[in-house]
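# Coordinate analysis (summary)
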Amino acid sequence: MSTDDESFHPLGNEWENELEEMLDDTEYDSDLGMEMAQDAMRVTKGELSEAEFHEMYHDDVMEEFGEDQRPTEAAYEEAQAAEEGTMSRMLSKFEGDGEEGRRDAMKKMGAGAAFVGLGAWGTVDDGEPEPQEQVAAAQEDDGGDGTQWGMTIDLERCDGCLTCVTACGNENNLDQGVNWMYVLEFEDSTPQTGRPNRLVRPCQHCTDAPCEKVCPTTARHTRDQDGLVLTDYDVCIGCRYCQVACPYGVNYFQWDEPDISTDQIEEYYTEEQGMDSDHMTTTYENGEERWVDSRAPRGTMSKCTMCPTRQDGEMGEDMVGTTACEQACPPGAIQFGDVNSDTSDASKYATNPSRGRALQWLSPPSESALEEDLDGADDDLESVLEAAGLDVEDLMLMKAVGITGESMGEGDGDMAATETDIQAALDVIEAHGLDLDDEDILDELGLGDGDADDAQVVLDQQYGSPESSFLLQEDMGTNPNITYFGHEPGPNAEQTEPTGTGVEYADLSYERADGEMVDMVDNRKEVLDEETVGDAGVSL
Amino acid sequence: MSTKTPSEGDIIRPIGSFSKQFIALFVACALVFGAFLVAWAYQLQQGMIVTGLSDWGSGGGATWGLYIGAFIWWVGIAHGGIILSAAVRLLGMDRYMPVARLAEMLTLAGLSAAGFYIIVHMGRPDRMVTSILGHYHITVNNSPLVWDVTVITAYFVLTATYLALTLRYDITRLRDQLPDLFEPIYKMMTLGYTEEEDEIVERMVWWLALAIIIMAPLLLHGGVIPWLFAVLPGMPAWFGAVQGPQFLTIALTSAISGVIIVAYAFRRAYDWDHIMTDDVFRGLLLWLGFFCLLFLWLQLQQNVTGLFAAPVSTDVAQTATIGHPVYITAMVLVLGTLAYIFAQTIRPSLFTKPRAIVAALAVLTGTLLEKLIFVVEGFLHPEFEIYAATPGEYFPSAIEWLSLAGTIGMVVLFFLVVAKIVPVVELHAIEHLRGDHGHGEDTEHATEQEVKA
Ligand code: SF4
């Protein structure tokens, strides 16, 4: 939220001027409005308390409008409740450069402040955008504040091998049928594309998680530090309301004693894996230690966690920004990362899926190997390709990736690493004397003029652009943090069996920390029914 | 109608006497309740896996089932009970005075059963206090479950106060005829009683009644209980504004039925046909008919809007509901009762008390079934109904069924115990009845004067 100009508003002078103009067009006092808007920003920066702010302006507002119902109050309160904390705790997030604040809180605060400067003066000239729209735009723009882990999942790349499902069970020591990660294949009423429709369904780690909202204990919570939606196993009372309120069906209750003890899990991670962490409790940025990872204890709720032990660096720095499922997925259909950062895998893939696919697919030669191969070879295209053992297509795609890359190599995900490798390879070739920006070479590579559009066409043709991009059940208002590419399941979508490459859940298994193999089960009820007292074998 | 005159002796009679039937019923109820406690202990030991529940989604089950269905049912009975009694006081429906206290007691018993269900339903009841109270200031802002617990507690306190206040009057006046065994209880209940307070209490009770009547639709069974479900867009079988009025009417039908049954039981056991007259039952039955009509009307609304041209998910859920044998049974039971009640108003000879009891039982069964299927249908047909390979299935386990018998046993026990300690019919009701029927009988009149003095 830093700006170069002198404007009080994070969106800068332009916004401020626009705001003033709009205020001038209304029947109300624009000076008061601007003054309030400035102080509202001070509130968000923590220089002024909300109470002081309210105190300062209450009378003026009453005089001007005859009522004082500024939406900030509601926005603050909402944010406050969502943050499980006090106003001051929340505002402290906005000190310094504001980078640390949780995105959600920031959005609400930003929106609230913007409303003060704007929203209360409902009448706006025709032709001007509606205030709400502008606030919405403000919200969009201030992305990039704080970490929000999330995923981009390319369903058209998923081949239904269920490796992610087993990897999750293995990492988290889940009981049979507790498929935190779940993959299903479905038929829909829309015409078949020839490709099977699949859905990869982890928890969506919603920004407006209904499960968190309804929880009577705060056990289900969103972490301030990175937006993960987790369950505190020490607090949960097992009312299951979170599972009821979740529109996706991602929760798994621990109906009985888990099959593996906490001691066994701890022993495995600390002794066999030599980790400092037991993969169950993790230390939050605010110093709290909470039991939120691995399988749940009896009588509490569990679901996909997006691996907080990894994100908190307790499995080593290289595991930060990864999840078990993402790492296991052979075709690279799952991209995990900070969706607020433009350079994370998840964001890179989301902004350009065919390029993302290319980055999954391409394996550029290493810099040193390429240098060695090219040593002594001529510098015309044909000789370079031959010496490097590449075909035209490889080079074309590598160059296309280079052309379309806005932040080549930036970021710390796998995709950034591949970008770096590609750039290095392209640089070696250039250094060898082949000018890849030469019109003729570009032409020979099939890259047209070598501009981004041409390169994009090449990537789209090669890897296909996905049918659609969607958020799951978006109209539920949950603001999920998973972006999907592929076929969006419609209201008539129905799961079919088996999933994917003809593989059935029952055919697969995963290893648990105690060394036992757990056979996977699709329908957990089959497992649970064994312990039901007086199971009638019928259903309502 | 009886020619007997109601007297203090009548309402004192249950206290201190123990008939064989009483003991048999007490033992039977204690056994059933005890059996459930044992079953619950087993559930605590094994975990919730002993139920027929599972996760919805790839868990192929229903998250909530009979425990929650029965919870709503009991809360409904409870809320309706107090509304009935409040209406008697507020609207001066003196005719029902003899059953008002029973209705209040039914509220306390029903709320206890409902509260018990909350605990039975939880995976970790041991954390109830620390986890809920410890975070109350935060969760009360947005968790409908916390609203529920809050309002149920408030209602319990309100009703208990209400009952305690009105009991002071009776106990003071009847003290001589009450057994000394419970002296400490009576002492405590009448602590600091003075006759001047009667008027104040009367006014307080009136205000309490008003609070109850206002809170019922806004907060209680027309509010937070349906909001547990109605606010969730993920479950089309639940989502929507109709649930408030629907829950409230179901509560009132259940409660009137409950009061009919309890009143009939007391009337039979203690020969109170001159106190709880046929007239009272006819009146209650008519009210029952009225609320049955509202119940069916709101069901009709849901079916028409859910089936005519509804969004896919709503249509699927409503189609499944309307074709479900449990739902159909519930509707037939309520419709049948309604038909009977209308018939007996046209032709009074059709009225008999056993028939009234059958009608009440039919409605209570109907509302229980409706609640059960309502809760379960939400999970079987969610908005995101993609999990066709793991379709939702649920049937209550033996332990869940036993909970139903257990809580009924618990509520009956409550009445059996309370009836041995305090009068379950208000002294005011007797005084009032005598005012109506006791003219010309000097002795009775004299006693009444004495009491009033
Ligand atoms: S089951 Fe646990 S986490 Fe879920 S709503 Fe209840 S207390 Fe909260």
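Conventions used here
- Residues numbered from 1 in each chain as written.
- Chains lettered and ligands numbered in written order.
- Predicted model: local features only at pLDDT ≥ 70, side-chain atom pairs only at ≥ 80, totals over all residues.
- Heavy atoms only, no water.
- Helix = DSSP H or I, 4+ residues; strand = E, 2+ residues; numbered from the N terminus.
- Buried < 20%, exposed > 50% of the residue type's maximum accessible area, 1.4 Å probe, protein only.
- Near = heavy atom within 4 Å.
- Nonpolar A, V, L, I, M, F, W, Y, C, P; charged D, E, K, R; others polar.
- Pairing = 2+ DSSP bridges.
- Axes fitted to C-alpha atoms, helices over the stretch in contact; angles between N-to-C directions.
- Phe/Tyr/Trp six-rings, centres within 6.5 Å; stacked < 30°, edge-to-face > 60°.
- Contact = heavy atoms within 4.5 Å.
- Buried area = accessible area lost by both parts, 1.4 Å probe.
- Salt bridge = Lys/Arg side-chain N within 4 Å of Asp/Glu carboxyl O.
- Polar contact = N/O pair within 3.5 Å; in protein donor to acceptor, adjacent residues only side chain to side chain.
- Patch = residues over 30% accessible without salt bridge, like charges linked within 9 Å, V, L, I, M, F, W, Y side chains within 5 Å.
- Areas by Shrake-Rupley, 256 points an atom, 1.4 Å probe, with all protein chains shown as cover.
- Parallel < 35°, antiparallel > 145°, perpendicular 65-115°, else oblique.
- Left-handed = near helix turned anticlockwise from the far one by under 90°.
- pLDDT = per-residue confidence, 0-100.
- Arc of directions from axis to C-beta.

Here we come to the overall build of chain A. The secondary structure content of chain A amounts to 22 helices and 15 strands. Looking at chain A as a whole, 55% of its 540 residues qualify as buried.

Here we take up the site of the ligand. Around the ligand there are 14 residues in total, and Cys215, Cys236, Cys239, Arg240 and Cys242 of chain A lie nearest to it. Counted by class, the shell around the ligand contains nine nonpolar, three polar and two charged residues.

Residues and elements named next belong to chain A. Strand order across the open sheet formed by three strands is E3-E2-E13, with antiparallel pairing between neighbours. Each edge of the open sheet is held by one strand with a lone partner, namely strand E3 (197-200) and strand E13 (494-496). The mean angle between the axes of side-by-side strands here comes to 50°, regardless of whether they run parallel or antiparallel. As judged from the three bridges shared by strand E2 (residues 183-187) and E13, these two strands associate in the antiparallel manner. From the neighbouring strand, Glu187 faces E13, where its bridge partner is Glu494.

It is worth spelling out the packing of aromatic side chains at this point. Scanning the model with the defined rule gives 39 aromatic pairs over all chains in all. Ring centres 5.4 Å apart and planes at 75° place the aromatic pair Phe247 of chain B and Phe374 of chain B in the edge-to-face group. Residue Phe247 of chain B is located in helix H11 (residues 243-270), and its partner Phe374 of chain B is located in helix H15 (residues 353-380); the two are separated by 127 residues in the primary sequence. Classification of Phe374 of chain B by relative accessible area gives buried; the value is 7%. Grouping aromatic residues by their ring pairs yields a cluster made of Tyr241 of chain A together with Trp64, Phe229, Trp238, Phe247, Phe374 and Phe379 of chain B.

With that settled, consider helix H15 (residues 353-361) of chain A. Residue and element names in this part refer to chain A. For H15, the buried fraction is high: seven of the nine residues fall into the buried class. When H15 is considered as a whole, its buried residues turn out to be Pro353, Ser354, Arg355, Gly356, Arg357, Ala358 and Leu359. Looking at the buried side of H15, the elements it contacts are strand E1 (149-154), helix H14 (345-351), helix H18 (392-404), helix H19 (414-432), helix H21 (452-463) and strand E12 (482-485).

Moving on, we get to the interface of chain B and chain A. The interface of chain B with chain A comprises 67 residues on the first partner and 62 residues on the second. When chain B packs against chain A, the two sides together hide about 5300 Å² of surface, and 62% of this comes from carbon and sulfur. Together, Ile49, Phe384 and Ile386 of chain B form the three largest contributors to the area buried by chain B at its contact with chain A, with a combined 13%. The tally of links between chain B and chain A comes to one salt bridge. Note that Asp55 of chain B is salt-bridged to Arg524 of chain A, the shortest N-O span being 2.4 Å. Applying the counting rule to chain B against chain A returns 37 residue pairs in polar contact (both at pLDDT 80 or more). By residue class, the composition of the side of chain B that touches chain A is 37 nonpolar, 24 polar and six charged.

Take the pattern of salt bridges next. Enumeration according to the criterion identifies 32 salt bridges over all chains in this entry. A single network of salt bridges, built from pairs that share partners, joins Asp154, Glu156, Arg195 and Arg357 of chain A.

Another aspect to go through is unusual backbone geometry. Residues and elements named next belong to chain A. The peptide bond linking Glu497 to Pro498 adopts the cis configuration, its omega dihedral lying at -5°. Within the fold, Pro498 resides in the loop between E13 and strand E14 (509-511). Despite not being glycine, Leu162 has its phi angle at roughly 65°, a positive value. Here the phi dihedral of Gln473 falls at roughly 50°; this positive angle occurs in a residue that is not glycine. Here Gln473 shows up in the loop between strand E11 (469-470) and E12.

Right, let's talk about a nonpolar patch on the surface for a bit. A cluster of nonpolar side chains, namely Ile214, Leu218, Leu219, Trp227 and Val231 of chain B, defines an oily patch on the protein surface of about 430 Å² accessible area. Looking at where Leu219 of chain B falls in the secondary structure, it is placed in the loop between helix H9 (197-218) and helix H10 (220-230).

Okay, the packing of helix H12 (residues 278-307) of chain B against helix H13 (residues 312-322) of chain B next. All names here are of chain B. Where H12 contacts H13, the axes come no closer than 8 Å and their chain directions differ by 130°. The orientation of H12 with respect to H13, classified from their angle, is oblique. Handedness of the H12/H13 crossing: left-handed. Here H12 contributes Gln302, Asn303, Gly306 and Leu307 to the contact with H13, which in turn contributes Thr314, Asp315, Gln318, Thr319 and Ile322. In terms of residue class, the contact of H12 with H13 is built from two nonpolar, six polar and one charged.

Attention shifts here to the sheet that holds E11 of chain A. Residue and element names in this part refer to chain A. Spatially, four strands are ordered E10-E1-E12-E11 in an open sheet, and the strand pairing comes out mixed. Only two strands of the sheet have a single partner each, and these edge strands are strand E10 (334-338) and E11. Relative to E12, E1 is paired through four bridges, and the arrangement is parallel. Note on E12: the bridge partner recorded for Met151 is Ile482.

All names here are of chain B. When pLDDT is averaged across chain B, the result is 91; 95% of the residues are at 70 or more. pLDDT under 50 marks residues 436-453. Its contacts with residues more than four places away, or in other chains, come to 15 contacts. Both confidence scores are given for the complex: pTM 0.83, ipTM 0.92.

Looking now at the side chain of Lys399 of chain A. Note on placement: Lys399 of chain A falls in helix H18. When its relative accessible area of 10% is taken as the criterion, Lys399 of chain A is described as buried.

As a further point, take the packing of helix H3 (residues 66-90) of chain B against H11 of chain B. Residues and elements named next belong to chain B. Where H3 contacts H11, the two axes come as close as 7 Å, and the packing angle between them is 75°. When the axes of H3 and H11 are compared, the pair comes out roughly perpendicular. Here Ile72, Trp73, Gly76, Ile77, Gly80, Gly81, Ile83 and Leu84 of H3 lie close against H11, whose contacting residues are Phe247, Leu248, Ala251, Leu252, Ser254, Ala255, Ile256 and Val259. Its residues assigned to classes, the contact of H3 with H11 comprises 12 nonpolar, four polar and no charged.

So, on to the pairing of E10 of chain A. Residues and elements named next belong to chain A. Most of E10 is tucked away, with five of its five residues classed as buried. Inspection of the sheet shows E1 paired to E10 by five bridges, in the antiparallel sense. Counted as the bridge partner of Met151 is Phe336 from E10.

Moving on, we get to the pairing of E2 of chain A. All names here are of chain A. A large share of E2 lies buried, amounting to four of its five residues. Relative to E3, E2 runs antiparallel, the two sharing four bridges. Each bridged residue has a counterpart across the sheet, and for Leu184 the counterpart in E3 is Leu199.

By the element assignment, Met517 of chain A lies in strand E15 (residues 517-519). When the C-alpha atoms of Met517 of chain A and Glu488 of chain A are compared, they prove to be 34 Å apart, with 29 residues separating the residues in sequence.

This part takes up helix H11 (residues 262-272) of chain A. All names here are of chain A. What H11 keeps buried is the set Ile265, Tyr268 and Tyr269. Mapping the buried residues of H11 onto a view down its axis gives an arc of 85°, with all of them on the same face. Projecting away from the buried face of H11 at angles above 90 degrees are the exposed residues Asp263 and Glu271. Along its buried surface, H11 packs onto helix H8 (163-172). Phi for Gly274, located one or two positions after H11, is positive at around 65°.

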